[in-house]
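This is what each chain is made of:
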Amino acid sequence: MNRYICIVSGKGGVGKTTSAINLAHIMGKRRKTLLIDANLTTPNAHIQLGAPILRRTLMHVLNKESSLQQAIYTHESGLRILPTISSTYDLKSLKYEKLKDLLKDLSGEADIIIMDAAAGLGKEAITAIEVCDEVLIITNPELSAVLDAQKTIQVAQEIGKTIIGVVVNKVIGDKHELRIDQIEKLLDIPVIGVIPHDPYVRKALHHKQPVSYKYPRSKASKSYEELAGMLLGEKYFAAENKKSKSLYRYALKMLGLK
Ligand SMILES: Nc1ncnc2c1ncn2[C@@H]1O[C@H](COP(=O)(O)OP(=O)(O)O)[C@@H](O)[C@H]1O
Ligand SMILES: [Mg+2]
């Protein structure tokens, strides 16, 4: 059975696409993984990976102008992506039910499907949540991002989805930020990943590469490696501190691996 992991946030610009790309790249080294750009109105995963000329994308597959296989690309990092390019015409005629049917039937194409969702809680973000079994919330250590995450969690829980945890991205660690324990209190969901604010993320973006591929030793890459390991149920945290151990157990439970 394949796993569908949806990356959502509520607020835009917090690092959903960055996280989706890096998790898909790292998890792709261990399992057959596919990144889907489910940000249909403003898709940009392919742009962050080099804006190649794409003859076939998710929209072509939906319009039956392409097979699914023709619209899957492999980036030089090894990451596999089903990209999206959408015109206003496409969006007007888009049938979300068709999209759901397509996304549900990816048998053989991937064991792990990572969906980069749109910001907000409009139809496209909700559709991505509905299609997935597992929801990963991305936020930043600031109140507006955390409050938007709170709303997203509520909606996902109302739909009956499992929230696998919260990832706090762009953490500097100064006194102006919300602390991790404050974020956990506000959201009532454990923080399973902390990604530092790291200049290498933007350097990698400049090179159109996942940071985990271009700068694997950077702090952000190491944090994404840990998070990916946790999501895959690997024992990354075995020898670590108590909090990490309990988080690891929590993650395994949420993922149905324990
Ligand atoms: N950990 C990080 N450190 C530094 N910059 C980051 C980090 N994560 C994301 N960014 C930058 O923040 C911006 C928004 O990220 P993006 O992933 O596009 O957000 P979203 O998909 O949530 O809108 C991008 O310029 C990206 O390079
Ligand atoms: Mg994005």
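Relevant structure appears above.
About the cut-offs
- Residues numbered from 1 in each chain as written.
- Chains lettered and ligands numbered in written order.
- Predicted model: local features only at pLDDT ≥ 70, side-chain atom pairs only at ≥ 80, totals over all residues.
- Helix = DSSP H or I, 4+ residues; strand = E, 2+ residues; numbered from the N terminus.
- Rg over C-alpha atoms; globule rule 2.2 N^0.38 Å.
- Buried ≥ 20, exposed ≤ 12 C-beta atoms within 10 Å, placed from the backbone.
- Near = placed C-beta within 6 Å.
- Nonpolar A, V, L, I, M, F, W, Y, C, P; charged D, E, K, R; others polar.
- Pairing = 2+ DSSP bridges.
- Expected span 1.5 Å × (residues − 1).
- Contact = placed C-beta atoms within 7 Å.
- Axes fitted to C-alpha atoms, helices over the stretch in contact; angles between N-to-C directions.
- Core = buried A, V, L, I, M, F, W, Y, C linked by C-beta atoms within 7 Å.
- Left-handed = near helix turned anticlockwise from the far one by under 90°.

A short note on the overall build of the chain
Stage number 1. For the chain, the count of helices and strands is twelve helices and eight strands.
Stage number 2. The C-alpha radius of gyration computed for the chain amounts to 17 Å, which stays within 12% of the reference 18 Å derived for 258 residues, consistent with globular compactness.
Stage number 3. In terms of principal-axis extent, the alpha carbons of the chain reach across some 50 × 40 × 35 Å.
Stage number 4. Taken across its 258 residues, the chain has 46% of its residues classed as buried.

Brief notes about the site of ligand 1
Stage number 1. What surrounds ligand 1 is a group of 18 residues, the closest being Gly15, Lys16, Thr17, Thr18 and Val201.
Stage number 2. Mapped onto the shell around ligand 1, the elements with two or more residues apiece are α1 (16-30), β7 (162-171) and α9 (199-206).
Stage number 3. Residue composition of the shell around ligand 1, by class: six nonpolar, eight polar and four charged.

Comments concerning the pairing of strand β5 (residues 112-116)
Stage number 1. Burial of β5 is extensive: five of the five residues sit out of reach of the surface.
Stage number 2. Where strand β1 (residues 3-8) meets β5, five bridges bridge the pair, whose relative direction is parallel. Following the sheet pairing, Tyr4 is matched in β5 by Ile113.
Stage number 3. Bridge count for strand β2 (residues 33-37) against β5 is five bridges, and the pairing is parallel. Each residue of the ladder has a partner; that of Asp37, found in β5, is Asp116.

Some points on helix α11 (residues 219-231)
Stage number 1. If you check α11, its first and last C-alpha atoms are 18 Å apart, about what 13 residues at 1.5 Å a residue would give, namely 18 Å.
Stage number 2. When we look at burial in α11, the residues that qualify are Ala220, Ser221, Ser223, Tyr224, Glu226, Leu227, Ala228, Met230 and Leu231.
Stage number 3. Phi turns positive one or two residues past the end of α11, at Gly233, with a value near 75°.

Focus on the sheet that holds β2
Stage number 1. Strand order in this open sheet of eight strands is β3-β4-β2-β5-β1-β6-β7-β8, and the pairing throughout is mixed. The open sheet is flanked by β3 (73-74) and β8 (191-196), the only strands paired with a single partner.
Stage number 2. As paired elements, β7 and β8 share five bridges and run parallel to each other. When the sheet's bridge partners are listed, Val171 is paired in β8 with Pro196.
Stage number 3. The strands touched by helix α6 (residues 123-131) are β1, β5 and β6 (134-139); relative to β1, the strand with the most contacts, the crossing angle is about 150°.

Details of the nonpolar core
Stage number 1. One finds Cys6, Met115 and Ile137 to be the most contacted residues of the largest nonpolar core, which totals 73 residues.
Stage number 2. Filtering out sequence-adjacent residues up to four positions away, Ile137 remains in contact with Val8, Ser9, Ala149, Thr152, Ile153, Ile163, Val166, Val167 and Ile189.

Points about the packing of helix α5 (residues 96-104) against α6
Stage number 1. At a closest axis distance of 10 Å, the pairing of α5 and α6 adopts a crossing angle of 30°. Crossing handedness for the pair α5 and α6: right-handed. Contacts from Tyr96, Leu99, Lys100, Leu103 and Lys104 in α5 reach Lys123, Thr127, Glu130 and Val131 in α6.

Observations concerning the packing of α1 against α11
Stage number 1. Between α1 and α11, whose axes approach to 9 Å, the crossing angle comes to 65°. The handedness of the crossing between α1 and α11 comes out as right-handed. Each of Asn22, Leu23, Ile26 and Met27 in α1 lies in contact with α11, whose residues at this interface are Tyr224, Glu225, Leu227, Ala228 and Leu231.
Stage number 2. For the contact of α1 with α11, the per-class residue count stands at seven nonpolar, one polar and one charged.

What is shown is where atoms sit, not what they do.
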